[in-house]
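Single-letter residue listing:
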Amino acid sequence: MTKRYDSNKVKALVHKIYKAYGFTEEQSAAVAETLIYTDLHGIASHGVQRMVMYDHFIQNGKIRVKSQPEIVKETDVSAVVDANFGLGQLNGIYSMNIAIKKAKEHGVGIVTTKRSGHYGIAGYYANMAADQGLIGLSSTNSRPAMLPTHATQAFVGTNPIAFAMPAKPHNFIYDAATTTVPQGKIEVYRKLGKDLPALWVAKDGDQEINDHHDTADLDALRDPMSNVGLTPLGGVTEETGSHKGFGLGVIVEVFTSILSLGNTSTEITPEDLSVGPCQSFIAIDPAIFGDVNQIVKRFSDYLQQIRELPAIPGKTIYVAGDKEALAYEDRKKNGMIIDDKTLAEVTGIADRLGVDYGSLEMN
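Residues numbered from 1 in each chain as written. Predicted model: local features only at pLDDT ≥ 70, side-chain atom pairs only at ≥ 80, totals over all residues. Heavy atoms only, no water.

**Comments concerning the packing of aromatic side chains**
In this structure the tally under the stated criterion is 10 aromatic pairs. On the numbers, 4.9 Å between centres and 85° between planes, the contact of Y37 with Y124 is edge-to-face. Remark: Y124 occurs in helix α5 (residues 122-130) and Y37 occurs in helix α2 (residues 25-40); sequence separation between them is 87 residues. We classify Y37 as buried; its relative accessible area is 14%. Centre to centre, the rings of F172 and F299 are 5.4 Å apart; their planes meet at 70°, and the pair counts as edge-to-face. You can see F172 sitting in strand β7 (residues 172-176) and its partner F299 sitting in helix α9 (residues 292-307), a full 127 residues away along the chain. Across the pair, exposure class does not vary: F172 and F299 are buried alike. (Phe/Tyr/Trp six-rings, centres within 6.5 Å; stacked < 30°, edge-to-face > 60°. Helix = DSSP H or I, 4+ residues; strand = E, 2+ residues; numbered from the N terminus. Buried < 20%, exposed > 50% of the residue type's maximum accessible area, 1.4 Å probe, protein only.)

Below, the structure written as structure tokens:
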């Protein structure tokens, strides 16, 4: 079951929780902002739903509260950052700010970050650049989750790709896993007791699993050596385009772990404290190509032409960022949506840390 809650009250609670862990005031505010931003934009899989996982990692030392990211190699347009196993959101903000600075000074900024942590939605960091008039891209690898085309064992992560660019009436923000669905959405469906759509999860390479009651198979998603995995974007066969999602996942690996000389997806496990995911952050100043206002107007006009195409009866044509903008407008006014199990997880963390929260419901 899901209910509506006051986003400002939930943000204040998240802020207090991260302060209780030992993060600074500024760091706690940044983490709360990223998580609530995610839920307000309708992406329940990566918002406060993820706090229980971060709590586990903080407790076992995989996320190190006092760690600080540092640049270990740098040029005018690039940098390699060692995140030193700090919280992923803080590493992401630090790294994208470096990319943005370089783009403003030199036209392009590319940062690859190793030994990081789960950083939430990739689109948040891409949109950091777009909010400053730049084109932004961000990607991350993750523990093995994807079944490569024809493989019976997971090897590649969900490895999302995010792209953001200024446009009217709101930024264009594309953010998608290179698997058919991210791991977090599986977790949300399980919490809600919903059956999985076809082509999300497969066993032995091509046997679809679409019933959430197959708990043993879905639990096996956590085991990288199992025969159960997420399907690549495109499903399980080449005829449906499985190789395309698989190929995109490998490209993400290049920009994250290969260029940074960090851990590849297959080396990452939830419990190994010596490995962590890698991320990439790219900012591009459109001014290196021409007049920025004209570029943004042309792109905005192009997107509007798509929205106004003839649509299937009863359907609306959206471009990337439209649904999120509508979700934000709704949730900011009427309250963010949290399922009962996630709320219990978050308040349970608060109780253990001695954090007072009171009522989180809308007034």
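**Observations regarding the sheet that holds strand β9 (residues 207-209)**
The strands making up a sheet associate through hydrogen bonds between their backbones, and the pairing can be parallel or antiparallel. Spatial strand order, β9-β8-β10: three strands in an open sheet with antiparallel pairing. Looking at which strands have only one partner, the edges of the open sheet turn out to be β9 and β10 (228-230). On average, each strand axis in the sheet is tilted by 35° relative to the strand beside it, whichever way the strands run. Relative to β9, strand β8 (residues 201-203) is paired through three bridges, and the arrangement is antiparallel. Its bridge partner lying in β9, A202 is registered against E208. (Pairing = 2+ DSSP bridges. Axes fitted to C-alpha atoms, helices over the stretch in contact; angles between N-to-C directions.)

**So, the packing of helix α1 (residues 7-21) against helix α11 (residues 340-353)**
At their nearest, the axes of α1 and α11 sit 10 Å apart, and the two run at 45° to each other. The pairing of α1 with α11 is recorded here as oblique in orientation. Classified by chirality, the crossing of α11 by α1 is left-handed. Of α11, the residues touching α1 (which contributes L13, I17, A20 and Y21) are V346, I349, A350, R352 and L353. Taken together, the residues of the contact of α1 with α11 sort by class into eight nonpolar, no polar and one charged. (Parallel < 35°, antiparallel > 145°, perpendicular 65-115°, else oblique. Left-handed = near helix turned anticlockwise from the far one by under 90°. Contact = heavy atoms within 4.5 Å. Nonpolar A, V, L, I, M, F, W, Y, C, P; charged D, E, K, R; others polar.)

**Section: the pairing of strand β11 (residues 279-284)**
In terms of burial, β11 is a largely internal element, five of the six residues being buried. Two strands pair when backbone bridges link them, and strand β4 (residues 108-114) and β11 are joined in this way by six bridges, in the antiparallel orientation. Each bridged residue has a counterpart across the sheet, and for I110 the counterpart in β11 is I282. Here strand β5 (residues 135-140) pairs with β11 via six bridges, running antiparallel. Each bridged residue has a counterpart across the sheet, and for T140 the counterpart in β11 is Q279.

**Focus on the side chain of S226**
Mapped onto the elements, S226 comes out in the loop between α7 (215-219) and β10. For S226, a relative accessible area of 10% translates into the label buried. Polar contacts involving the side chain of S226 include one to the main-chain amide nitrogen of V228, which spans 3.2 Å. Every residue in contact with S226, bar those within four places of it in the chain, is listed here: T152, Q153, A154 and A220. (Polar contact = N/O pair within 3.5 Å; in protein donor to acceptor, adjacent residues only side chain to side chain.)

**A word on the domain arrangement of the chain**
Partitioning the chain into domains gives domain 1 (2-60 + 321-353) and domain 2 (70-289). Taken over C-alpha atoms, the centre of domain 1 sits 20 Å from the centre of domain 2. Domain 1 puts 29 residues into the contact, and the matching count from domain 2 is 26 residues. Taking both sides of the interface into account, the surface hidden between domain 1 and domain 2 amounts to around 2300 Å²; carbon and sulfur atoms contribute 65%. Three residues, Y37, H46 and Y54, lead the burial of domain 1 against domain 2; their summed loss comes to 22% of the area buried on that side. Counting across the domain 1 and domain 2 interface gives two salt bridges. (Domains from an automatic or database assignment. Buried area = accessible area lost by both parts, 1.4 Å probe. Salt bridge = Lys/Arg side-chain N within 4 Å of Asp/Glu carboxyl O.)

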